[in-house]
Amino acid sequence: MAVIIRQVAEQDRDEWDILFEAYCKFGGDEQTPEMRDRVWGWIHDQSAQTLCFVVENDQGKIVGFVHFRSFERPMPATKGAYIDDMFVAASSRGQGVVDKMIEAVGAYAKEQGWDIVRWMTSETNYRARSVYDRHGTKSNWVTYQLNS
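Here is what the cut-offs are and how they apply
Counting from 1, residues in each chain are numbered in the order their sequence is written. For a predicted model such as this one, the threshold for reporting local features is a pLDDT of at least 70, and the threshold for listing and counting side-chain atom pairs is 80 or more; totals across whole chains, interfaces and linings nevertheless cover every residue. Neither water nor hydrogens contribute to the side-chain values; these are computed over all heavy atoms in the structure. For the purposes of this section, nonpolar cores are sets of buried Ala, Val, Leu, Ile, Met, Phe, Trp, Tyr and Cys residues that join through side-chain atoms within 4.5 Å. Exposure categories follow from relative accessible area, calculated using a 1.4 Å probe and restricted to protein chains: below 20% of the type maximum is buried, above 50% is exposed, and the middle band is partly exposed. In this description a helix means any DSSP run of H or I spanning at least four residues, a strand means any run of E spanning at least two, and both kinds are numbered starting from the N terminus. Note on contacts: a residue pair is in contact if any heavy atoms of the two residues lie within 4.5 Å. For two strands to pair, DSSP has to find at least two bridges joining them. Angles shown run from 0 to 180 degrees and are taken between the N-to-C directions of axes, each axis being a line fitted to C-alpha atoms and, for helices, limited to the stretch in contact. The scheme is simple: roughly parallel for angles under 35 degrees, roughly antiparallel for over 145, roughly perpendicular for 65 to 115, oblique for anything else. Handedness of a helix crossing follows the sense of rotation of the near helix relative to the far helix, less than a right angle counterclockwise being left-handed and clockwise being right-handed. Here the nonpolar group is Ala, Val, Leu, Ile, Met, Phe, Trp, Tyr, Cys and Pro; Asp, Glu, Lys and Arg are the charged ones; every other residue, Gly included, is treated as polar. Stacked, tilted and edge-to-face pairs are distinguished by plane angle, under 30 degrees for stacked and over 60 for edge-to-face with tilted covering the rest, among Phe, Tyr and Trp rings (Trp via its six-membered ring) whose centres lie within 6.5 Å.

Description of the nonpolar core
Then step 1. Ranked by internal contacts, the top residues of the largest apolar core, which has 21 residues, are Phe-53, Val-66, Phe-68, Met-86 and Val-105.
Then step 2. The biggest single contributor to this core is helix 3 (residues 97-112), with seven residues.
Then step 3. Apart from residues no more than four positions distant in its own chain, Met-86 is found in contact with Tyr-23, Phe-65, Val-66, Val-98, Met-101, Ile-102, Trp-119 and Tyr-132.
Then step 4. Counting 15 residues, the second largest nonpolar core, distinct from the first, contains Val-8, Cys-52, Val-54 and Phe-65.

Things to note about the sheet that holds strand 2 (residues 51-57)
Then step 1. A sheet is described by the order of its strands in space; here five strands give the open sequence 1-2-3-4-5, paired in mixed fashion. Every other strand in the sheet has two partners, leaving strand 1 (3-7) and strand 5 (117-119) as the edge strands with one partner each. The average undirected angle you get between the axes of adjacent strands in this sheet is 30°.
Then step 2. Pairing of strand 2 with strand 3 (residues 62-73) involves six bridges; the strand directions are antiparallel.

Side note on the packing of helix 3 against helix 4 (residues 126-135)
Then step 1. At their nearest, the axes of helix 3 and helix 4 sit 10 Å apart, and the two run at 40° to each other. When the interaxial angle is binned, helix 3 and helix 4 end up oblique. Here the hand of the crossing between helix 3 and helix 4 comes out right-handed. Touching Val-98, Asp-99, Ile-102 and Glu-103 of helix 3 are Val-131, Tyr-132, Arg-134 and His-135, all from helix 4.
Then step 2. Along the lines of polarity and charge, the residues of the contact of helix 3 with helix 4 split into four nonpolar, one polar and three charged.

Let's talk about the packing of aromatic side chains
Then step 1. Following the criterion strictly, the structure yields 12 aromatic pairs and no others.
Then step 2. A ring pair is formed by Phe-20 and Phe-65, whose centres lie 5.7 Å apart and whose planes are at 80°; its orientation type is edge-to-face. Pair noted here: Phe-20 is in helix 1 (residues 13-26) and Phe-65 is in strand 3, with a separation of 45 residues, a long-range link.
Then step 3. Accessibility expressed as a relative area gives 5% for Phe-20, which makes it buried.
Then step 4. You can call Phe-65 buried: its relative accessible area is 1%.

Some words on unusual backbone geometry
Then step 1. Notably, Ala-77 is not glycine yet its phi reads approximately 55°, a positive angle.
Then step 2. You can see Ala-77 is positioned in the loop between strand 3 and strand 4 (78-88).

Side note on the environment of Glu-72
Then step 1. Relative to the assigned elements, Glu-72 resides in strand 3.
Then step 2. Note on Glu-72: relative accessible area 62%, which makes it exposed.
Then step 3. For the pair Glu-72 and Trp-114, spaced 42 residues apart in sequence, the C-alpha separation works out to 9.3 Å.
Then step 4. Apart from residues lying up to four places away in sequence, Glu-72 is in contact with Thr-78 and Lys-79.

Structure (structure tokens):
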């Protein structure tokens, strides 16, 4: 599939909104229009951390997105990239789009001088993990969340 990976633009809002809502439903997270407004604001706020690339197919339709940000790494005294969200429309899955998104974030990280790109997924997300295994190494780290 021929696609263009690029930074999100204001005119992408409606298509991004549909995809982000679908992503949240896929992940079992409830999301309101107000929450999507907040995230959209972060993406376009130069002082916020969240960056967004979208995937545009050869018909000019947005079929995927990746949200990512930099993070500081005190032990090596460097910065890295953390991918928070990756999503591809069902109609475009299995066509190498995720590979291209990961490669685009990797290239951006390299341009910025960031030395690592990290992301996580569900242990049971086998389809995505089969793609991720081509691009990275599963770490030995276990993720925790503070009890509320």
